[in-house]
Amino acid sequence: MSFAEILSGTISPNANIRVQATHALEAAESNNFSQYLLSLAQELANESGQDPVRSAAGLALKNTLSARDESRQIQYSQRWLQVDEAVREQVKQSVLATLASQSRFATTPAAQTIAAITAIELPQGQWPDIISTLLQNVSAASASLRVASLQTIGFICESIDPEILTSQGNTILTAVIQGANSEEPSQDVRFAAITALYNSLEFVRANFENDGERNVIMQTVCEATQSPSTNVQVAAFECLVRIMQLYYDKMGFYMEKALYGLTVIGMKHEEEKIALQAIEFWSTVCDEEIELQIEEDDAREFGREFERHNFRFAKTALPQVLPTLLFLLTKQDEDADEDEWNVSMAAATCLSLLAQTIGNDIVAPVIPFVEQNIRNPDWHYREAAVMSFGSILEGPESSVLNPLVSQALPVLIEMVKDNEIQVKDSAAWTIGRVCDLLVECIQMDVHLHNLVSALVSGLEDNPRIVANCCWAIMNLTEQIGGTDAETYALSPYFEGIITTLMRITETNVNENNSRTSAYETMATLASSGPKDTYPVIAKLGVAILDRLDSTIANANQTVNADDRLVLGELQSNLLNVLSNVARTLGRQISEISDRIMTSVLRLLGSSSKQSVVAEDAFLLVGALITALESDFARYLESFSPFLYNALQNHEEYQLCSIAVGLIGDICRALGQGASPYCDQFMNILLRNLESDVLQRDVKPGILSCFGDIALAIGGRFETYVEVSFNVLMAACTLSANTQAIDYDTIDYNNALRLGIFEAFVGITQGLKSDGKTQLVLPYIQDVFGFMRVVVGDQNRSEEVTKTMIALIGDLASSFSNGELREPLQYEWIQTLIKEGRANPRGSYIRDIARWARDMVKQAIPG
């Protein structure tokens, strides 16, 4: 069988042929990787080959070089770089030559392959002339070659670190602008160029700082919005959206001169794809201005100067943008799929953002539209009126909205029973927003009965309505509920709501997520119900447990993957409800805790278990531990093997993370009773910290867990002090040397520091309980040294600050005879405590800081 025949087999409609061909390809790849690459490149470049075969060859070639998973991408990159240079050069020249093909089936995968190779080689200083080669192609006579080369540039810009291409930004930008220019006769070339421009926007910041170059870019993009090609227009509006995200500060001149008019016209365009991007432009404007307002408020709160300027584009454009959005709300498509994004959905989202951006000013112009159309015989206008009202409930002040909502509420409740499903759906959603944002508008003695009746009736309506009715009930019970209260306004309706939810979840149908929403509502009711609903919650727990046992018994009847997914989702829903029942009932859950643990162990031991189900089962166990406290000890021996397995399951890192959290729960609940298990806990946790496979986000929790173990077993932690502090000091070094290169790194470093300080706090307190704090003294200077580094970091979180102050207080309390006289007088410690005391009265961090100050004073004699 030839290579072309093998590739043809991979796309055969016959499953057996596809499997055989795939195995043949995999064998060729593993037997002789270099020859495999050459064969794929040859078939891709073969002008006499069939288009589907060439496409399959290109896709296979690209997939040997590119992977979404970071660790696999590293493996692919290393494998490629180890290939003989002559072979790599032959492959590169072959795919470059393919760009001249007239077949899009060949040029697109060739462009993707070139981008994948570039992403590997350019950071290594290899293939330095690739960009110049592509730029030469952009000036070629052949329109198809220009398109393919621009497409390649776009893929490269999309896949590579912008800093690597910054030095070539000018030449790339020149070629792209040339291709996107209104004088370019080929609309395919313009589309490829505008797409490449979109992908290159991040690394042309220097060009945007230059008025002349910025003007050229903006003129080119604005002209492209008027292209006769729909694809070019859509791409141009996408560019404007991205430019607004990246360069808001530079947009004042262009908004005034062109963008207000262009985008409002674009929103009205009959071609939906164009209208959607024009609407997205204004949603992006609102996003940016909301963020600017938050930054400005933060700066004012902390006495900092706010250096950026909020142009308030949204407020300026309100007279033009708002009528257009309200008009577009009436353009619903009753035949469209609910999940299909369309102009009416986009307009509603944009209106909601507009309300959050300009606040009270949105109310006066929207209310007349609502009043005129709320009773309109045409359901499109009724639904638009309800949607517009619901969309402005966040942003304006409650004092402005409250009288309007109180007046509208009876009408909205009535509309949950409208004849049109779209109107009912939006009415339920709007009521949900009221329950979430403005619950004080609901007069319990006036509105509640009719409101609950309408929502419960909606639970047995179309599945599309069920989800929003559930959401409204969840919001309502969360806003007015509380497990410490004796009763609440929903208590008379509580059992009826639960009964209806149980009835509608009896079927095996989850259309529009209706069944999942119903179970989430039960879980929320169980978590927020007051004491007079506890008997109903207890009955709910038994009923849900019965259902869980039934799913376990019938698990063997699920034969295909789809059935297993449905079963797994149902079991997760049931476990979540049971978790909330356990949290609310506390020790009362002991009446069925034996049954719950039996079911959990059966579930975890079944061969068909899914990781998500296992995670939810572990969360249920955590709820039981908290509820039963020391009484959970009787289950620990049978549960511990599953716990150990989860702790060592590094691939399922979320499950591993939950298992780490369970160790903390066990230690807090059992205290000294956890001692027999601590050797195993510590051994596994230490191995996890050394693992290169385990996701890094799990590791801060492991460090914190050391503190939980120490608090539980007190002086017995002496066995682990040396190894724990060695690990913690290594983590301190890692944290201190971590550069704040992006928000993810900052967040992780804060999590790491929190884990370190929580460990220090727990170990200090645990050893103090048995008079063994002297074991900490050898490490004190290093601990204080690390804290000083963290104090000087402007990116430290409030949680880290609070835990640091608590640690200083604990150390001062533990060494009150002057052992820490010198370090406790460091100026930075006094500054940190003052920072904590500067927080608002009643805040936890302020109370901690005051206590720490007193402990420090007592620990410094004289």
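Residues numbered from 1 in each chain as written. Predicted model: local features only at pLDDT ≥ 70, side-chain atom pairs only at ≥ 80, totals over all residues. Heavy atoms only, no water.

**Quick notes on the overall build of the protein**
Along its length, the protein carries 41 helices and zero strands. Expected size for 862 residues packed as a compact globule is a radius of gyration near 29 Å; at 32 Å, the protein falls within 12% of this value. If one aligns the C-alpha atoms of the protein with their principal axes, the spans along those axes are about 85 × 75 × 65 Å. A total of about 38600 Å² of accessible surface is found on the protein, and carbon and sulfur atoms cover 47% of it. Between the averaged position of the 61 positive side-chain charges in the protein and that of its 110 negative side-chain charges there is a distance of 4 Å. (Helix = DSSP H or I, 4+ residues; strand = E, 2+ residues; numbered from the N terminus. Rg over C-alpha atoms; globule rule 2.2 N^0.38 Å. Areas by Shrake-Rupley, 256 points an atom, 1.4 Å probe, with all protein chains shown as cover. Lys, Arg positive; Asp, Glu negative; His and termini not counted. Charge placed at Lys NZ, Arg CZ, Asp CG, Glu CD.)

**With respect to the layout of surface pockets**
In this approach the atoms are scanned with a rolling probe the size of a water molecule, which exposes any empty space left behind. When its volume is computed, the largest pocket comes out at roughly 1400 Å³. Taken together, 29 residues line the largest pocket, and the ones lying closest to its centre are Asp298, Phe302, Arg304, Gln794 and Asn795. Counting residues per element, the ones that place at least two in the lining of the largest pocket are α17 (272-301), α37 (743-769) and α39 (798-814). A per-element tally of the lining of the largest pocket places α17 first, with six residues. Grouping the amino acids of the lining of the largest pocket by side-chain chemistry returns nine nonpolar, six polar and 14 charged. (1 Å grid on protein atoms, 1.4 Å probe; cavity = no way out; pocket = protein on both sides within 12 Å on 5 of 7 lines; lining within 4 Å. Points joined across faces, edges and corners; volume = space filled by probe spheres on them. Nonpolar A, V, L, I, M, F, W, Y, C, P; charged D, E, K, R; others polar.)

**Focus: helix α12 (residues 187-200)**
With 14 residues, α12 extends 20 Å between its outermost C-alpha atoms, agreeing within 8% with the 20 Å of an ideal straight helix rising 1.5 Å per residue. Those residues of α12 lying buried are Val189, Arg190, Ala192, Ala193, Ile194, Ala196, Leu197, Asn199 and Ser200. Where α12 is buried, its residues meet α9 (143-159), α11 (169-180), α14 (211-224) and α15 (230-247). Of the residues flanking the start of α12, the one acting as N-cap is serine 186, its side-chain oxygen 3.4 Å from the backbone nitrogen of aspartate 188. (Expected span 1.5 Å × (residues − 1). Buried < 20%, exposed > 50% of the residue type's maximum accessible area, 1.4 Å probe, protein only. Contact = heavy atoms within 4.5 Å. Polar contact = N/O pair within 3.5 Å; in protein donor to acceptor, adjacent residues only side chain to side chain.)

**Quick look at empty space enclosed by the protein**
Tallying each qualifying case throughout the model produces two cavities of 30 Å³ or more. Taken as a whole, the second largest cavity spans an internal volume of roughly 30 Å³. In terms of lining residues, the second largest cavity is bounded by Phe725, Phe760, Thr764, Val776, Ile780, Val783, Leu807 and Leu811. The set of elements that each furnish at least two residues to the lining of the second largest cavity consists of α37, α38 (780-791) and α39. Partitioned by chemical class, the residues of the lining of the second largest cavity number seven nonpolar, one polar and no charged.

**Re the packing of α12 against α14**
Packed helices, taken two at a time, are described by the angle their axes make and the gap between the axes. Where α12 meets α14, the axes come as close as 12 Å, and the angle between the chain directions of the two elements is 130°. Considering the angle they form, α12 stands oblique to α14. When you trace α12 past α14, the crossing you get is left-handed. Contact residues: α12 offers Arg190, Ile194 and Leu197, while α14 offers Ile217, Val221, Glu223 and Ala224. Residue classes in the contact of α12 with α14 are distributed as five nonpolar, no polar and two charged. (Axes fitted to C-alpha atoms, helices over the stretch in contact; angles between N-to-C directions. Parallel < 35°, antiparallel > 145°, perpendicular 65-115°, else oblique. Left-handed = near helix turned anticlockwise from the far one by under 90°.)

**Let's talk about the packing of aromatic side chains**
If you walk through the whole model with that rule in mind, you get 20 aromatic pairs. Relative to tyrosine 247, the ring of phenylalanine 208 has its centre 3.9 Å away and its plane inclined at 5°; by these criteria the two rings are stacked. Within this pair, whereas phenylalanine 208 is found in helix α13 (residues 205-209), its partner tyrosine 247 is found in helix α15, the two being separated by 39 residues in sequence. Here phenylalanine 208 falls in the buried class, since its relative accessible area comes to 0%. With relative accessibility at 5%, the residue tyrosine 247 sits in the buried group. Ring centres 5.5 Å apart and planes at 35° place the aromatic pair phenylalanine 757 and phenylalanine 786 in the tilted group. Here the residue phenylalanine 757 occupies a position in helix α37, and phenylalanine 786 occupies one in helix α38, the gap between them amounting to 29 residues. The same class applies to phenylalanine 757 and to phenylalanine 786, which are both buried. (Phe/Tyr/Trp six-rings, centres within 6.5 Å; stacked < 30°, edge-to-face > 60°.)

**Section: helix α1 (residues 3-10)**
Owing to its 3.6 residues per turn, the α-helix aligns residues three or four sequence positions apart on the same side. Buried residues of α1: Phe3, Ile6, Leu7 and Gly9, and no others. Down the axis, α1 shows its buried residues gathered within 155° of arc, on one side only. Of the surrounding elements, those touching the buried residues of α1 are α2 (15-31), α3 (33-45) and α4 (51-63). (Arc of directions from axis to C-beta.)

**A few points about the nonpolar core**
Counting 305 residues, the largest nonpolar core has Met251, Trp282, Ile362 and Phe717 as the members making the most contacts within it. The element contributing the most residues to this core is α15, with twelve residues. (Core = buried A, V, L, I, M, F, W, Y, C linked by side-chain atoms within 4.5 Å.)

**Regarding the environment of asparagine 181**
Along the polypeptide, asparagine 181 turns up in the loop between α11 and α12. The exposure class of asparagine 181 is partly exposed, given its relative accessible area of 27%. The spatial distance from the C-alpha of asparagine 181 to the C-alpha of isoleucine 194 is 9.2 Å, given a sequence separation of 13 residues. Ignoring sequence-local partners within four residues, the contact set of asparagine 181 consists of Arg190 and Thr220. Only 2.9 Å separates the side chain of asparagine 181 from the backbone nitrogen of glutamate 183, close enough to count as a polar contact.

**A short note on the environment of isoleucine 658**
Relative to the elements of secondary structure, isoleucine 658 occurs in helix α33 (residues 653-670). The class for isoleucine 658 is buried, based on a relative accessible area of 18%.

**As for the packing of α33 against helix α35 (residues 699-713)**
For the pair α33 and α35, the least separation of the axes is 9 Å and the interaxial angle reads 15°. The angle between α33 and α35 falls in the class roughly parallel. The handedness of the crossing between α33 and α35 is left-handed. For the pair α33 and α35, the contacting residues are Val660, Ile663, Gly664, Cys667 and Arg668 in the first and Gly701, Ile702, Cys705, Asp708, Ile709 and Ala712 in the second.

**Brief notes about the environment of isoleucine 279**
Mapped onto the elements of the fold, isoleucine 279 is located in helix α17. Remark: the alpha-carbon pair of isoleucine 279 and lysine 268, spanning eleven residues in sequence, is separated by 9.3 Å.

**Observations concerning unusual backbone geometry**
Located in the positive-phi region is arginine 312, a residue other than glycine, with phi close to 55°. Among the structural elements, arginine 312 can be located in the loop between α17 and α18 (313-329).

**Points about the side chain of asparagine 342**
Looking at the element boundaries, asparagine 342 is found in the loop between α18 and α19 (343-358). By relative accessible area, which is 7% here, asparagine 342 ends up buried. Within the structure, asparagine 342 has its side chain in polar contact with the side chain of serine 344 (distance 2.8 Å).

**Here we look at the side chain of serine 691**
Looking at the secondary structure, you find serine 691 in the loop between α34 (675-690) and α35. Classification of serine 691 as buried rests on a relative accessible area of 11%. In this view, serine 691 contacts His650 and Lys699; residues no more than four positions away in its chain are not counted.

**Here's the deal with the pattern of salt bridges**
Pairing between side chains becomes possible if they bear opposite charge and their charged atoms approach one another. For the structure on display, the rule yields 35 salt bridges. A salt bridge links arginine 668 to aspartate 665, with the shortest nitrogen-to-oxygen separation between them at 2.8 Å. A residue pair is termed a helical-turn pair when its members lie 3 or 4 positions apart in one helix, as arginine 668 and aspartate 665 do in helix α33 at three residues. We classify arginine 668 as exposed; its relative accessible area is 54%. Across the pair aspartate 708 and arginine 668 runs a salt bridge whose closest N-O atoms are separated by 3.1 Å. One end of the pair, aspartate 708, is in helix α35; the other, arginine 668, is in helix α33, with 40 residues separating them in the sequence. (Salt bridge = Lys/Arg side-chain N within 4 Å of Asp/Glu carboxyl O.)

**Re the state of the cysteines**
Two cysteines form a disulfide when their sulfur atoms are joined by a covalent bond. Scanning the entire structure with this criterion turns up zero disulfides. Cysteine cysteine 157 remains unbridged, with the sulfur of cysteine 239 as its closest cysteine sulfur at 11 Å. Accessibility expressed as a relative area gives 7% for cysteine 157, which makes it buried. (Disulfide = S-S within 2.5 Å.)

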